[in-house]
Amino acid sequence: MYKRQNIGNTSIDNIEAAKLLNLSVQPNPFKDFTIFSFDNPQQQAFSLIITDLQGRELRTYTNITSNSVRIDKKELAAGAYLYTLSNQEISVSGKIVVE
């Protein structure tokens, strides 16, 4: 799941983008909730999109200007999901698992 991303005019891979944001998704897998934490010192607006493995959008969180987002289990059934955290400059994708 390594995708090339662009930040400004520079192409970077998904791992590098996650490192730039200092992205952490803990716990993962999760039973009750998980928290997406990332660096956002300038309080830029991010969006978080969660899809099923077929790519259907299930949840969309927009205008996230803090440095974390909490996802509760009650929002998703047990299973594996894909996420994309992005703003106008950077995008990071990965997988979360709900137990």
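Not measured: the values here are computed from a predicted model.

Student: Help me get a handle on the overall build of the protein, residues and values and all.
Tutor: When helices and strands are counted, the protein shows one helix and nine strands. Along its sequence from the N terminus, the protein presents helices and strands in the succession β-β-α-β-β-β-β-β-β-β. Contacts spanning at least 24 positions in sequence make up 51% of the contacts within the protein whose residues lie at least 6 apart. Taken as a whole, the protein presents about 6000 Å² of accessible surface, with 46% of it coming from carbon and sulfur.

Student: Run through the pattern of salt bridges, naming residues and quoting values.
Tutor: On inspection of all chains with the given rule, the structure shows two salt bridges. One salt bridge in this structure joins arginine 56 and aspartate 52, with 2.7 Å as the shortest N-O distance. Classification of arginine 56 by relative accessible area gives exposed; the value is 52%. Residue aspartate 52 is classed as buried on the basis of its relative accessible area of 9%.

Student: Explain the packing of aromatic side chains to me, and be specific about the residues and the numbers.
Tutor: The description of two aromatic rings rests on the distance between their centres and on the angle between their planes. Applying the stated rule across the entire model yields two aromatic pairs. Here the guanidinium or amino end of arginine 70 rests over the ring plane of phenylalanine 33, the centre of that ring lying 3.8 Å away.

What counts, and where the lines are drawn
- Residues numbered from 1 in each chain as written.
- Predicted model: local features only at pLDDT ≥ 70, side-chain atom pairs only at ≥ 80, totals over all residues.
- Heavy atoms only, no water.
- Helix = DSSP H or I, 4+ residues; strand = E, 2+ residues; numbered from the N terminus.
- Contact = heavy atoms within 4.5 Å.
- Areas by Shrake-Rupley, 256 points an atom, 1.4 Å probe, with all protein chains shown as cover.
- Salt bridge = Lys/Arg side-chain N within 4 Å of Asp/Glu carboxyl O.
- Buried < 20%, exposed > 50% of the residue type's maximum accessible area, 1.4 Å probe, protein only.
- Phe/Tyr/Trp six-rings, centres within 6.5 Å; stacked < 30°, edge-to-face > 60°.
- Lys NZ or Arg CZ within 6 Å of the ring centre and 35° of its normal.

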